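Each chain, written out:
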Amino acid sequence: MILLCGGIPFLWNLSGRISARAGFGPEYEIVQSLVFLLLATLFSAVTGLPWSLYNTFVIEEKHGFNQQTLGFFFKDAIKKFIVTQCILLPVTSLLLYIIKIGGDYFFIYAWLFTLVVSLVLVTIYADYIAPLFDKFIPLPEGELKQQIETMAKSIDFPLTKVYVVEGSKRSSHSNAYFYGFFKNKRIVLFDTLLEDYSALNKEPAEGEDGENEETKPKPKNKKQGCKNEEVLAVLGHELGHWKLGHTVKNIIISQMNSFLCFFLFAVLIGQKELFTAFGFYDTQPTLIGLMIIFQFIFSPYNEVLSFCLTVLSRRFEFQADAFAKELGKAKDLYSALIKLNKDNLGFPVSDWIFSMWHYSHPPLLERLQALKDAKQE
């Protein structure tokens, strides 16, 4: 409907009128582009809100995952929008400026710029951005922390810190991940993954006031999370991704694809027919060119690439499971996968064609079958 009704050129012209009122004429294309981007993301956030509300307060609520109140949801949404704009607008303005002054080889400079930005964001995300939304606390001293450090040391993983994030205030879904470059690796465990630390397993104290009502965990009828041995098995799988170089391989593939896309963008940006087809008869704004080419022209290519990456991801998941098996964690990983599937209400049976196209992780039964022999041993 947006394409048929000329929504994109309408929003661009509206951005031009707003920029003109602020004293910026048509020659200030970057300013107009930033106004357009702000309006477009605001429109996307508003129109996507009903679906997000339905997903959180109907579907997630129905199946016992939602832990948010309406007030917490809206505060979270506003905070996400503001943080997104603080990153998106400066980065976009610099990218457009580089494309404008880059000459014939602007695509190389644009690619290098996006590479640096992505590496910086990956570096600062967990330390400076994620804590704006969730509370991170160091994993308390004890048996679990000692076992994690011992396992990391056994495979030369340069672990510096282990955190627990209070994911239970938002959802009862479980997760774990690691981040950091070179010799500064950190592990993050969701409290919902840890049976001993999950707030969802604790009864609220009597006489507790309503100060934190918006994030107070809702009572559950069963234990949430995994035992320490199972948590170690899950971490063994995650560390397998690091040891086998999966993270580096994904970064290399992503950057090769990014360079190819910028090169093709440089080839196609001069085609007036592309702009005309989308309702831009007199102007060829760079931001609109980026949107048309990356979002629409590359759409078939992106679908094929997505399928190839899904196939590769499933292969990586099997390899990471095999790595955990080599660490002697097959039995615990077997039981952990079953627990996590139950906690997340996953359905164990999948149509092979549908799962082959859509599932970045192999279906549960396939992973269990791959672990079965080692588990029996």
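Residues numbered from 1 in each chain as written. Predicted model: local features only at pLDDT ≥ 70, side-chain atom pairs only at ≥ 80, totals over all residues. Heavy atoms only, no water.

Asker: Can you tell me about the side chain of N66, naming the residues and giving the values?
Answerer: As for its placement among the helices and strands, N66 is situated in the loop between α2 (29-62) and α3 (70-101). Polar contacts involving the side chain of N66 include one to the side chain of E61, which spans 2.7 Å. (Helix = DSSP H or I, 4+ residues; strand = E, 2+ residues; numbered from the N terminus. Polar contact = N/O pair within 3.5 Å; in protein donor to acceptor, adjacent residues only side chain to side chain.)

Asker: An account of the nonpolar core is requested, with residue identities and associated values reported.
Answerer: Grouped together as the largest cluster of nonpolar side chains are 29 residues, with contacts concentrated most on F36, L95, I99, F280 and I288. Not counting the four nearest positions on each side in its chain, F280 is found in contact with I8, P9, W12, F275, P285 and I288. Core analysis: the next-biggest nonpolar cluster, separate from the first, contains 24 residues, L144, A152, F178 and L239 among them. (Core = buried A, V, L, I, M, F, W, Y, C linked by side-chain atoms within 4.5 Å. Buried < 20%, exposed > 50% of the residue type's maximum accessible area, 1.4 Å probe, protein only. Contact = heavy atoms within 4.5 Å.)

Asker: Any chance you could break down helix α11 (residues 330-343) for me, citing the residues and the numbers?
Answerer: Look at α11: 20 Å from first C-alpha to last across 14 residues, which is about the 20 Å you get at 1.5 Å a residue. Every buried residue of α11 is accounted for by A330, L333, Y334, A336, L337, L340, N341 and D343. (Expected span 1.5 Å × (residues − 1).)

Asker: Lay out the packing of aromatic side chains with the relevant residues and their values.
Answerer: Under the defined criterion, the tally for this structure stands at 20 aromatic pairs. Centroid distance F107 to F263: 5.5 Å. Interplanar angle 75 degrees. Geometry classified as edge-to-face. Taken as a pair, F107 in helix α4 (residues 106-129) and F263 in helix α7 (residues 246-268) lie far apart in primary sequence, 156 residues in all. F107 gets classed as buried once you look at its relative accessible area, which sits at 10%. Under the relative-accessibility criterion, F263 is labelled partly exposed at 37%. (Phe/Tyr/Trp six-rings, centres within 6.5 Å; stacked < 30°, edge-to-face > 60°.)

Asker: Give a detailed account of the UniProt feature "domain: CAAX prenyl protease 1 N-terminal" (unreviewed entry) in the protein chain, specifying residues and quantitative values.
Answerer: Taken from the UniProt record, the annotation "domain: CAAX prenyl protease 1 N-terminal" (unreviewed entry) applies to residues 2-135. Taken end to end, residues 2-135 has its terminal C-alpha atoms 39 Å apart, with 78% of it in helix and 0% in strand. (UniProt positions renumbered as here; feature names shortened; annotations may be inferred.)

Asker: Could you give an account of the layout of surface pockets, naming the residues involved and the relevant values?
Answerer: The probe, sized like a water molecule, is rolled over the atoms to show the empty space still left. As a volume, the largest pocket reaches approximately 1600 Å³. If you trace the largest pocket, you find 48 residues lining it, with H237, E238, H241, E317 and H361 closest to the centre. Sorting the residues of the lining of the largest pocket by element identifies α4, β3 (176-179), α6 (228-243), α7, α10 (299-326), α11 and α13 (364-376) as the ones contributing at least two each. Here the lining of the largest pocket gets eight residues from one element, more than from any other, and that element is α7. Within the lining of the largest pocket, the residues separate by chemical class into 24 nonpolar, 20 polar and four charged. Looking at which domains feed residues into the lining of the largest pocket, each of domain 1 (136-199) and domain 2 (243-376) gives three or more. Considered as a void within the structure, the second largest pocket measures approximately 540 Å³ in volume. In terms of lining, the second largest pocket is formed by 23 residues, of which the most central are L49, S52, F73, A77 and K80. At the level of secondary structure, the elements contributing two or more residues to the lining of the second largest pocket comprise α2 and α3. When its residues are assigned to classes, the lining of the second largest pocket shows nine nonpolar, ten polar and four charged. (1 Å grid on protein atoms, 1.4 Å probe; cavity = no way out; pocket = protein on both sides within 12 Å on 5 of 7 lines; lining within 4 Å. Points joined across faces, edges and corners; volume = space filled by probe spheres on them. Nonpolar A, V, L, I, M, F, W, Y, C, P; charged D, E, K, R; others polar. Domains from an automatic or database assignment.)

Asker: Before we move on, can you summarise the packing of α7 against helix α9 (residues 286-297) with the specific residues and values?
Answerer: The geometry of α7 relative to α9 is characterised by a closest axis approach of 11 Å and an angle of 120 degrees between their N-to-C directions. One way to sum up the angle between α7 and α9 is to call them oblique. The crossing of α7 and α9 is right-handed. In this structure, α7 contributes C261, F262, F265 and L268 to the contact, and α9 contributes T286, G289, L290, I293, F294 and I297. Of the residues contributing to the contact of α7 with α9, the split by class is eight nonpolar, two polar and no charged. (Axes fitted to C-alpha atoms, helices over the stretch in contact; angles between N-to-C directions. Parallel < 35°, antiparallel > 145°, perpendicular 65-115°, else oblique. Left-handed = near helix turned anticlockwise from the far one by under 90°.)

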